[in-house]
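Reading the structure
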Amino acid sequence: MMAKKFRERFKTMDDVFDQFTIRNIFVLASKGHFVDGTLSPLSIGKEANVFSAERNDGSRAVVKIYRLSTCDFNNMYNYLASDPRFPHLKKKLREVVFAWCQREYRNLLATRDAGVRAPLPLAFLKNILVMTQVGDEQPAQKIKDDVPKPPQKFFAEVVAEIKKLYRYGYVHSDLSKFNILNSDKHPVLIDFSQMVPMNAPNAYEYLKRDIENVSDFFRKLGVKIDNGKLFREIVAVGTRKA
Ligand SMILES: Nc1ncnc2c1ncn2[C@@H]1O[C@H](COP(=O)(O)OP(=O)(O)O)[C@@H](O)[C@H]1O
Ligand SMILES: [Mg+2]
């Protein structure tokens, strides 16, 4: 009986999510994190389906739901296993996905402390993460779709965000034109599930990769960038003592 009610409520999600996830969406809505029944799809990614939803105060939330099927949980496990914040994690699909989701929440909290421009995390439950939406009614677009002008100034602002993160002791690890939004001509970084502390193995390789991906995009827009020089400039900022 209850199951049927849930099913009616989330008709559109029925094909995508299991009953467990659908129930937890309802739990989060009933706790007041977003208005029940207002989820509208924003994106279907490799691991998660992302929705925009109304909040009680009329602003908008983004609800990121990691799928319990069709996810590359081996890749998730490898990242988590090298993150000192997640010791003793068992290699079981559900545990790994829940930890992954929790990690993105914790990473978003860390970005607040670091003063980085990123969404504010609101809640997480199992495989569901709720955060503020960047952009008011309409979500802000990715820089690949809303190309920043002038690029030089915007790029400098992105570098400033990378430095803030580094100073705080972290590297985003999946930074590119796909995970930087253009919010009123200023960058906002998103998608923090892969962010790791600088003491994790490979952290400096991830930093180099982030620099390459971001530089590739801005270089095509005419910005002159020396990747090696930029790397040294970021590292020269130093990491604060934890
Ligand atoms: N807080 C947010 N505000 C606005 N749009 C967002 C937000 N979070 C995600 N999005 C949109 O949803 C897309 C997918 O989210 P993302 O966290 O990057 O997941 P994925 O791991 O699938 O790339 C983003 O590219 C962006 O367009
Ligand atoms: Mg992304």
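Every residue gets a number counted from 1 within its own chain, in the order that chain's sequence is written. Chain letters start at A and ligand numbers start at 1, both assigned in the order the entries are written. Predicted model: local features are reported for residues with pLDDT of at least 70 only, side-chain atom pairs are reported and counted for 80 or more only, and whole-chain, interface and lining totals are derived from all residues. Note that the side-chain values use all heavy atoms of the structure and ignore hydrogens as well as water.

1. Focus: the sheet that holds strand E8 (residues 180–183)
The cut-off we apply is this: DSSP calls a pair of strands paired once it identifies at least 2 bridges connecting them. Secondary structure elements are defined from DSSP: runs of H or I of at least 4 residues count as helices, runs of E of at least 2 residues count as strands, and each element is numbered from the N terminus. Contact criterion: two residues are considered in contact whenever any of their non-hydrogen atoms come within 4.5 Å of each other. Between the N-to-C directions of two axes lies an angle of 0 to 180 degrees, each axis being a line fitted to C-alpha atoms and, for a helix, fitted only over the stretch in contact.
Strand order in this open sheet of 3 strands is E6-E8-E9, and the pairing throughout is antiparallel. Single-partner strands in this sheet number two, and they are strand E6 (141–142) and strand E9 (186–189). Against the sheet, helix H5 (residues 151–168) contacts E8 and E9, and its axis sits at roughly 35° relative to E9.

2. Regarding the nonpolar core
Spelled out, the test is: Nonpolar cores are built from buried Ala, Val, Leu, Ile, Met, Phe, Trp, Tyr and Cys residues. Side-chain atoms within 4.5 Å join them into one set. Think of it in three bands: residues with accessible area under 20% of the maximum for their type are buried, residues over 50% are exposed, and the middle band is partly exposed, with areas taken using a 1.4 Å probe on protein chains only.
Core analysis: the largest hydrophobic core is formed by 57 residues, its most contacted members being Phe 155, Ile 180, Leu 207 and Phe 218. Considering every element that reaches this core, the biggest residue donor is helix H4 (residues 93–114), with 10 residues. When residues no more than four places from it in sequence are discounted, the contact partners of Leu 207 are Ile 162, Tyr 166, Val 171, Phe 231, Ile 234 and Val 235. In terms of nonpolar packing, the next biggest core, distinct from the first, is built from 16 residues, Ala 53, Val 63, Ile 65 and Ile 128 among them.

3. Side note on the coordination of the magnesium ion (ligand 2)
Just so we agree on the cut-off: Any N, O or S atom lying within 2.8 Å of the metal counts as a donor, and for Na, K and Ca the limit rises to 3.2 Å; water is left out, so some sites can look incomplete.
The magnesium ion (ligand 2) binds to the protein through Asn 179 (OD1) and Asp 191 (OD), with metal-donor distances spanning 2.2 Å. Pair noted here: Asn 179 is in the loop between strand E7 (170–171) and E8 and Asp 191 is in the loop between E9 and strand E10 (196–197), with a separation of 12 residues, a long-range link. For Asp 191, a relative accessible area of 22% translates into the label partly exposed.

4. Overview of the domain arrangement of the chain
We apply this condition: Boundary definitions for the domains trace back to an automatic or database domain assignment. Buried surface area refers to the total accessible area, computed with a probe of radius 1.4 Å, that the two partners give up upon joining, counted for both partners together.
Looking at the chain, the domain boundaries give domain 1 (13–132) and domain 2 (141–235). Placing the centre of domain 1 and that of domain 2 at their C-alpha centroids yields a distance of 23 Å. Residue-level contacts link 21 residues of domain 1 with 24 residues of domain 2. Carbon and sulfur atoms supply 58% of the area that domain 1 and domain 2 bury against each other, a total of about 1800 Å² over both sides.

5. Some points on the site of ligand 1
Condition: Throughout, near means a residue has at least one heavy atom within 4 Å of the molecule or strand. Polar contact is the term for a pair of N or O atoms within 3.5 Å; when the atoms are in protein, one must be able to donate a hydrogen and the other to accept it, and sequence-neighboring residues count only if both atoms are side-chain atoms. Residue polarity follows a fixed list, in which Ala, Val, Leu, Ile, Met, Phe, Trp, Tyr, Cys and Pro are nonpolar, Asp, Glu, Lys and Arg are charged, and the others, Gly among them, are polar.
If you check the shell around ligand 1, you find 17 residues, and the closest are Lys 64, Thr 132, Val 134, Lys 142 and Asp 191. At 2.8 Å, a side-chain N or O of Lys 64 approaches an oxygen atom of ligand 1. Among the residues making up the shell around ligand 1, the classes are represented as 9 nonpolar, 5 polar and 3 charged. In terms of domain composition, the shell around ligand 1 takes at least three residues from each of domain 1 (13–132) and domain 2 (141–235).

6. Re the pattern of salt bridges
Heads up, the condition is: One speaks of a salt bridge when a side-chain nitrogen belonging to Lys or Arg is within 4 Å of a carboxyl oxygen belonging to Asp or Glu.
Within this structure, the stated rule accounts for 9 salt bridges. Linking Arg 85 and Asp 83 is a salt bridge whose minimum nitrogen-to-oxygen distance equals 2.8 Å. A relative accessible area of 2% means that Asp 83 is categorised as buried. Salt bridges here are not isolated pairs; linked through shared partners, they connect Lys 64, Glu 104 and Asp 191.

7. Some points on the sheet that holds strand E4 (residues 121–125)
Judged by pairing direction, the sheet is antiparallel, and its 5 strands sit side by side in the order E1-E2-E3-E5-E4 without closing on themselves. Two strands in the sheet have a free side with no partner beyond their single neighbour: strand E1 (40–44) and E4. Strand-to-strand twist across the sheet, computed as the mean angle between neighbouring axes with direction ignored, equals 20°. Pairing analysis gives 5 bridges linking strand E3 (residues 60–66) to strand E5 (residues 128–132), with the strands arranged antiparallel. Looking across to E5, one finds that Val 63 is bridged to Val 130. In the packing of helix H2 (residues 19–30) onto the sheet, the strands contacted are E3, E4 and E5, and the crossing angle to E5 comes to about 35°.

8. A look at the pairing of E4
The pairing of E4 with E5 spans 4 bridges and is antiparallel. Bridge pairing in E5 links Phe 124 to Leu 129. Taking the residues that link successive antiparallel strands as the turn, the E4-E5 hairpin has 2 residues, and the phi of Lys 126 there is positive, at about 50°.

9. Topic: the packing of aromatic side chains
Where we set the bar: Any pair of Phe, Tyr and Trp rings, taking the six-membered ring for Trp, is counted once the centres come within 6.5 Å. Such a pair is stacked with planes under 30 degrees apart, edge-to-face with planes over 60 apart, and tilted for the rest.
Under the definition given, this model contains 11 aromatic pairs. Their ring planes at 20° and their centres at 5.4 Å tell us that Tyr 79 and Tyr 206 sit as a pair that is stacked. Separated by 127 residues along the polypeptide, Tyr 79 in helix H3 (residues 73–81) and Tyr 206 in helix H6 (residues 203–220) bring together distant segments of the chain. Residue Tyr 79 is classed as buried on the basis of its relative accessible area, which comes to 8%.

10. Observations concerning H5
Condition: Here, expected helix span is obtained from the residue count minus one, scaled by 1.5 Å.
Between its first and last C-alpha atoms H5 spans 26 Å; for 18 residues at 1.5 Å apiece the expected length is 26 Å, and the two agree. All of the buried residues along H5 are Pro 151, Phe 154, Phe 155, Glu 157, Val 158, Val 159, Glu 161, Ile 162, Leu 165, Tyr 166 and Tyr 168. Buried-residue contacts for H5 involve H4, E7, E8, E9, H6 and helix H7 (227–235). Count one or two residues on from H5 and you reach Gly 169, which has phi positive near 105°.

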